2 protein chains.
Amino acid sequence: MLSGREGVRIPVGTRQRILDAARELGYRPNRTAQSLRTRKTQTIALIFDTVGDGHYAGEMIRGALETALERDHLLYIAETANDPALEEKLLQEMVDRQVDGVILAAMSTRTARLSEHMRRIPTVLLNCLDASGESVCVVPDEEAAGRQAARLLLDAGHRDGVHVVGGHPATGGAHEGLSVGELRMSGIEAAMAAAGTRLAGTVECDWSAPEHGYRATRSLLESARLPTAVVCCNDRLAIGAYQALRESRLRIPDDISLVSFGDSGLPSWLRPPVTSVDTPHHELGAKAVSLLLADEPAPAIHRLPMAVNPRGSITACAPDPREAVPASTEPGAIRSAQPRPLRRAGAHGGGHG
Amino acid sequence: MLSGREGVRIPVGTRQRILDAARELGYRPNRTAQSLRTRKTQTIALIFDTVGDGHYAGEMIRGALETALERDHLLYIAETANDPALEEKLLQEMVDRQVDGVILAAMSTRTARLSEHMRRIPTVLLNCLDASGESVCVVPDEEAAGRQAARLLLDAGHRDGVHVVGGHPATGGAHEGLSVGELRMSGIEAAMAAAGTRLAGTVECDWSAPEHGYRATRSLLESARLPTAVVCCNDRLAIGAYQALRESRLRIPDDISLVSFGDSGLPSWLRPPVTSVDTPHHELGAKAVSLLLADEPAPAIHRLPMAVNPRGSITACAPDPREAVPASTEPGAIRSAQPRPLRRAGAHGGGHG
DNA sequence: CTGAAAGCGCTAACAT
DNA sequence: ATGTTAGCGCTTTCAG
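Residue numbers here run from 1 along each chain, matching the order of that chain's written sequence. For naming, the first written chain is A and the first written ligand is 1, with later ones following in the order written. Totals for whole chains, interfaces and linings use every residue, but because this is a predicted model, local features are given only for residues with pLDDT of at least 70 and side-chain atom pairs only at 80 or more, for both listing and counting. Remark: hydrogens and water are excluded; side-chain values derive from all non-hydrogen atoms of the structure.

- An unreviewed UniProt entry lists chain A under the name Transcriptional regulator, with Streptomyces daqingensis as the source organism.

**Some points on the sheet that holds strand β8 (residues 229-232) of chain B**
Backbone hydrogen bonds hold the strands of a sheet together, and the pairing may be parallel or antiparallel.
All names here are of chain B.
Now for step 1: Only strands that DSSP links by at least two bridges are regarded as paired with each other. Segments assigned H or I by DSSP are reported as helices when at least four residues long, segments assigned E as strands when at least two residues long, and all are numbered from the N terminus. Taken in spatial order, the six strands line up as β7-β6-β8-β9-β10-β12 in an open sheet, and their pairing is mixed. At either end of the open sheet lies a strand with only one pairing partner, and these are β7 (201-204) and β12 (307-309). Strand-to-strand, the axes of this sheet are offset by a mean angle of 15 degrees, without reference to chain direction.
Now for step 2: Judged from the four bridges that link them, strand β9 (residues 257-262) and strand β10 (residues 275-278) form a sheet pairing that is parallel. Note that in β10 the partner of V259 across the bridge is T275.
Now for step 3: Sitting on the sheet, helix α8 (residues 210-222) is in contact with β6 (162-166), β7 and β8, with an inclination near 150 degrees to β6.
Now for step 4: The sheet strands contacting helix α9 (residues 235-247) are β6, β8 and β9, and the helix crosses β9 at an angle near 155 degrees. Think of each axis as a best-fit line through the C-alpha atoms, taken over the contacting stretch in the case of a helix, with angles from 0 to 180 degrees between the N-to-C directions. Whether two residues are in contact is decided by their heavy atoms: any pair within 4.5 Å suffices.

**Observations concerning the pattern of salt bridges**
Now for step 1: For this document, the term salt bridge refers to a Lys or Arg side-chain nitrogen within 4 Å of an Asp or Glu carboxyl oxygen. Scanning the entire structure with this criterion turns up 28 salt bridges over all chains.
Now for step 2: For A:R251, the salt bridge identified is with A:D255, shortest N-O distance 3.2 Å.
Now for step 3: B:E142 is the partner of B:R184 in a salt bridge, and the nearest nitrogen-oxygen pair spans 2.7 Å. Here B:R184 is found in helix α7 (residues 180-194), whereas its partner B:E142 is found in helix α6 (residues 142-155), with 42 residues between them in sequence. When sorted by exposure, B:R184 lands in the same class as B:E142, which is buried.
Now for step 4: When salt bridges with common partners are traced through the structure, they connect A:R31, A:D72, B:E93 and B:R97 into a single cluster. Accessibility here uses a 1.4 Å probe with only protein chains present; expressed as a share of the type maximum, an area under 20% marks a residue as buried, one over 50% as exposed, and anything in between as partly exposed.

**Regarding empty space enclosed by the protein**
Now for step 1: Lining residues are those with an atom within 4 Å of a point, where the points come from a 1 Å grid over the protein atoms alone and group into cavities, where a 1.4 Å probe fits but cannot get out, or pockets, open sets with protein on both sides within 12 Å along at least five of seven lines. Grid points are joined across faces, edges and corners, and a volume is the space filled by probe spheres set on the points. Applying the stated criterion to the full structure yields seven cavities of 30 Å³ or more.
Now for step 2: Roughly 180 Å³ of internal volume is contained in the largest cavity.
Now for step 3: What lines the largest cavity is a set of 14 residues, and nearest its centre among them are A:T41, A:Y76, B:T41, B:Y76 and B:R97.
Now for step 4: Those elements that provide at least two residues to the lining of the largest cavity are α2 (31-38) of chain A together with α2 (31-38) of chain B.
Now for step 5: In this count, Pro and Cys sit with the nonpolar residues alongside Ala, Val, Leu, Ile, Met, Phe, Trp and Tyr, while Asp, Glu, Lys and Arg are called charged and the others, Gly among them, polar. Looking at the lining of the largest cavity residue by residue, the class counts come to two nonpolar, eight polar and four charged.

**Notes on the environment of B:D263**
All names here are of chain B.
Now for step 1: By the secondary structure assignment, D263 is in the loop between β9 and β10.
Now for step 2: By relative accessible area, D263 is classed as buried at 18%.
Now for step 3: Between the C-alpha atom of D263 and that of V277, which follows or precedes it by 14 residues, the distance is 8.8 Å.

**Regarding the nonpolar core**
Now for step 1: The term nonpolar core refers to a set of buried residues drawn from Ala, Val, Leu, Ile, Met, Phe, Trp, Tyr and Cys, joined through side-chain atoms within 4.5 Å. Counting 95 residues, the largest nonpolar core has A:F48, A:I103, B:F48 and B:I103 as the members making the most contacts within it.
Now for step 2: Apart from the residues lying within four places of it in its own chain, the contact partners of A:I103 are A:I44, A:A45, A:L46, A:I47, A:V124, A:L126, A:A288, A:V289 and A:L292.
Now for step 3: One finds A:A150, A:A191, A:M192 and A:L258 within the second-largest nonpolar core, a separate group that totals 45 residues.

**Notes on the sheet that holds strand β12 (residues 275-278) of chain A**
Residues and elements named next belong to chain A.
Now for step 1: The strand order across the open sheet formed by six strands is β9-β6-β10-β11-β12-β14, and the pairing between neighbours is mixed. Strands with a single pairing partner mark the edges of an open sheet, and in this sheet they are β9 (201-204) and β14 (307-309). With direction set aside, neighbouring strand axes in the sheet form an average angle of 15 degrees.
Now for step 2: Of the pairings in the sheet, the one linking β12 to β14 comprises three bridges and is antiparallel in character. The residue of β14 that forms the bridge with D278 is A307.
Now for step 3: Sitting on the sheet, helix α9 (residues 235-247) is in contact with β6 (162-166), β10 (229-232) and β11 (257-262), with an inclination near 155 degrees to β11.

**Structural notes on the packing of helix α8 (residues 210-222) of chain A against α9(A)**
Residues and elements named next belong to chain A.
Now for step 1: Contact geometry of α8 with α9 gives a least axis separation of 6 Å together with a crossing angle of 45 degrees. With respect to α9, the element α8 is oriented oblique. Of the two possible hands of crossing, α8 and α9 adopt the one that is right-handed. Across the interface between the two elements, P210, H212, G213, Y214, T217, R218 and L221 from α8 touch R236, L237, I239, G240, A241, Q243, A244, L245 and E247 from α9.
Now for step 2: Tallied by class, residues from the contact of α8 with α9 come to eight nonpolar, five polar and three charged. Angles are sorted into four bins: roughly parallel if under 35 degrees, roughly antiparallel if over 145, roughly perpendicular if 65 to 115, and oblique for all others. Left-handed describes a crossing in which the near helix is turned anticlockwise from the far one by less than a right angle; the clockwise case is right-handed.

**What to know about unusual backbone geometry**
Now for step 1: Residue A:P253 is bonded to the preceding A:I252 through a cis peptide linkage, with omega at 0 degrees.
Now for step 2: Within the secondary structure, A:P253 is located in the loop between α9 and β11.
Now for step 3: The backbone of A:R249 sits at a positive phi, close to 65 degrees, despite the residue not being glycine.
Now for step 4: Residue A:R249 is classed as buried on the basis of its relative accessible area of 10%.
Now for step 5: For B:N82, which is not a glycine, the phi torsion comes out positive at approximately 60 degrees.
Now for step 6: Mapped onto the elements, B:N82 comes out in the loop between β2 (74-79) and α4 (84-96).

Set out below in structure tokens:
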């Protein structure tokens, strides 16, 4: 009766008294014994390739944890460090402890190789796909994200002066053969085309560090026609872009608009805060858990929408940008050449980038 | 015999044959059954108050995981979001699953309140202390960190021009009644005193965002006597300081030296990289696990040394800074007034801050 | 419809 | 020194 057996006929008062007594005595069913019998442990393994700088992982963990808790499950966590042997060992340990399912999470979207274990236990791939296409996968919808970013700019009137910093690097993983960069670019281009226009240009560069964004943006500013808006393919590039723009005395968003794809939570430290299309880490983690715990984990790729976070780095663009923003070939002093060493100590004073 | 019973007399060949067969058949002892019998699960609960921005947590998790794995344990993870009710529930769930021990980790050092559960199960407090002083605690040695930071500067010849940005805010937790800021300041002051000198000044400010560091540093630069070196109490303040220095055309480390206390992994993105005294997240996690798994978890506070990471933001200081750095009351143009809008596209091009 | 009994797979205590 | 047995605390099956 304590285990919740149905159809028991006990006076309601008595029943309640029993339950109360049980609680008062601090009775807790022994989950280990339950598990031995039912072969279910109410636990899930969350295995990362690498926890990385943590931000990505942090939100994912939170999302997964919340959903798991709602469904009365607890989370194991582990990290493979991209070591196949370690991955195998961890998977084995998890299986030994009879986890009810495994979530294999990758920090940067890529194609995963499936271990044997994963054919014998419910598995969800998080932020990665497998070659066979027989797995349940959860990934951000990068192509839609590209369209979202472009729409932000288009809706503000930017049509002819939109440049991209980042582009389609070969590095990084793939969704169905396409890299994150390719997908985002494809989305951006599609949205521009749908609006009857196209990108003014794309600077292809490494996404890994701010300095690449800095250099790419500088090269943009040296061109004959100044951009009205720049799309940065990730946060690090955006930091570099901020730096380059600040050095050129171009103000955001007054002189130029900026959109970024957020993946690190860093944009909130930029001044002014950058409007970005952010990877839904939290939702990815939550979705992975709920799929794992669903009755029929039908093989499929679940693409989650990215979140648009307007933070004021976009300004309406005049119909003809040539009148609003005069072109310049002088890299040294594009706009106000006035040196303003110790500027603004106000609310935005901590500005950087 | 499979469970490793001692004193069994079996021909060596046979013994090996059995083991081989077992492996070939894929035999794995059922850990759940083991646990039911032995009341040990080879698992540890790692419970954070908040995973925060993740960096802190990421390294801690890694450290804990490595050590746990070495000792054949797996890690549960959870987050209480500083909600006592949730903490209680999670603790209960962990106890129900018979974890062998609990690590209670705080993101920012503070004093913890002990739940009843923790008196009945081995517990280690990570990055926090409890009022009773009866727990096993692992914390960074903040006072030593202060001395380390000061020594870096003193060894480079900085004696009379060292300023601190941050100070001793009342906010944040405490080690034996002292906040992180108080401890660090105390260490800095002790080291300066030991060297026969003292701080030129301290700007007390909020540690939470770059803009406070920016403003504090600006105020420093407006004073009559220019600092030869600045100590920033955390990464965010350092970012703000970088920004202020850059706007003043002061070069790091040529014109001014900088040291920071690292807590976010962010310093690596600053140009030039900032020399910092870093919280040993990884070691904290590892130590917590090994203490938890030790035979006698004697109540004690374990202070772990912080790691010094020289990254080139400190330069030797002339014996008399007054000759090396002329004072100025003009905030507008302290040093080279030359506007250099699009500077250096080279290796350090991505610089920001 | 309800109570009793038989295990889940292992380890520890027990006889041989 | 080795083989045997009795549970760990629960769920499920099977009689009653």
